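Residue strings, one per chain:
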Amino acid sequence: MQDPRQYSAPAMRNRGPILEVLRRVSPARGKVLEIASGSGEHAVFFAAALPGLAWFPSDPDAAARASIAAWIAATQSANVRPPADIDVRQAAWGVEREAPFDMVVSCNMVHIAPWACTLGLMAGAARVTGPGGLLLLYGPFKRGGAHTAPSNEAFDASLRERNPEWGVRDMEAIIDAAAAQGFALREVVTMPANNFALVLAQDEAPQATSH
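The written sequence of each chain sets the order in which its residues are numbered from 1. Totals for whole chains, interfaces and linings use all residues, but because this is a predicted model, local features are given only for residues with pLDDT of at least 70 and pairs of side-chain atoms are given and counted only at 80 or more. Water and hydrogen atoms play no part in the side-chain values, which are based on all heavy atoms of the structure.

## Concerning the overall build of the protein chain
What counts as a helix is a DSSP run of H or I of at least four residues, what counts as a strand is a run of E of at least two, and both are numbered from the N terminus. In terms of helices and strands, the protein chain carries 6 helices and 8 strands. Along the protein chain, helices and strands appear, N-terminal first, in the series α-β-α-β-α-β-α-β-β-α-β-α-β-β. The globule rule used here is 2.2 Å times the number of residues to the 0.38 power, and the radius of gyration it is set against is calculated over C-alpha atoms. Relative to a compact globule of 211 residues, whose C-alpha radius of gyration would be 17 Å, the protein chain shows 16 Å and is just as compact. By its C-alpha atoms, the protein chain is 45 × 40 × 35 Å across when sized along the principal axes. Within the span of the protein chain, comprising 211 residues, buried residues form 51% of the whole. Note on exposure labels: buried denotes an accessible area under 20% of the residue type's maximum, exposed denotes more than 50%, and partly exposed covers the range between, all computed with a 1.4 Å probe on protein chains only.

## Some details on the packing of aromatic side chains
The geometry of an aromatic ring pair comes down to the distance between the two centres and the angle between the two planes. Within 6.5 Å between ring centres, the rings of Phe, Tyr and Trp (the latter by its six-membered ring) count as paired, and their orientation is classed by plane angle as stacked under 30 degrees, edge-to-face over 60, tilted in between. With the rule as written, the count across this model stands at 4 aromatic pairs. An angle of 85 degrees between the planes, with centres 5.2 Å apart, marks the rings of Phe 56 and Phe 101 as edge-to-face. Of the two residues, Phe 56 sits in strand 2 (residues 53–56) while Phe 101 sits in strand 3 (residues 101–107), which places them 45 residues apart along the sequence. Comparing Phe 56 with Phe 101, the two get one shared label, buried. Taken together, Phe 45, Phe 46 and Trp 55 form an aromatic cluster joined through their ring pairs. When the ring centre of Trp 71 is taken as origin, the NZ or CZ atom of Arg 5, which lies over that ring, is 4.9 Å away. We call a charge positioned above a ring when the Lys NZ or Arg CZ atom is no farther than 6 Å from the ring centre and deviates by at most 35 degrees from the ring normal. A cation sits over an aromatic face here: Lys 31 above Phe 101, 5.7 Å from the ring centre.

## Description of helix 6 (residues 171–179)
Along an α-helix, residues three or four apart share an orientation, since each turn contains 3.6 residues. Among all positions in helix 6, only Met 171, Ile 174, Ile 175, Ala 177 and Ala 178 are buried. Here the buried residues of helix 6 occupy an arc of 160 degrees about the axis, which is enough to place them on one side. Considering only its buried residues, helix 6 is in contact with helix 4 (115–128), strand 4 (129–139), strand 5 (141–142), strand 6 (169–170), strand 7 (183–191) and strand 8 (195–202). Directions drawn from the helix axis to the C-beta atoms are what define this arc. Here, residues are in contact when the closest pair of their heavy atoms is within 4.5 Å.

## Overview of the environment of Leu 135
Within the secondary structure, Leu 135 is located in strand 4. For Leu 135, a relative accessible area of 0% translates into the label buried. Residues contacting Leu 135, with those up to four places away along its chain left out, are Val 104, Met 122, Ala 125, Phe 183, Leu 198, Val 199 and Leu 200.

Here it is as structure tokens:
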């Protein structure tokens, strides 16, 4: 039988730095909803390193959900739940019965999706988190309307060629969209390979810092 597991080289490269941020900002115990989990490699890696968290992966793509389930089975991840089918643009995500989640995590989604998906992500994250709930976004972003590296500019052009509705987003636009749903920026973390992690929190005063 064919192994449905997918393998992502970027996921392998960036999982360590993302885990460092998660270790610092996530609660010792709680529930995390991951949006657009892709292959599932992040889910099983983060859950193994953070055993006090129940990890809820999701993806709208059936092949990705099959990969996630296969990774869960292969690693015997006790604290990873079966993958949910979540389209962030929908008014209900189907996981509300598990709410409130302590954190919503989304890595490398907002630039490979229409802007409507970013708005849906913010609205949905607000629905499924409570006061103090966290939203962690990871990926490439523009700052002040400008790319932070030539490689990001080239990547942005390639994305827009594939789909005009895709593209590297302005960090400020992301923060404003999150603020409209009650999330305040807690910090901007500079990550390897010209990426950033944005840490936002529900009902918290802005305390924007850079690392």
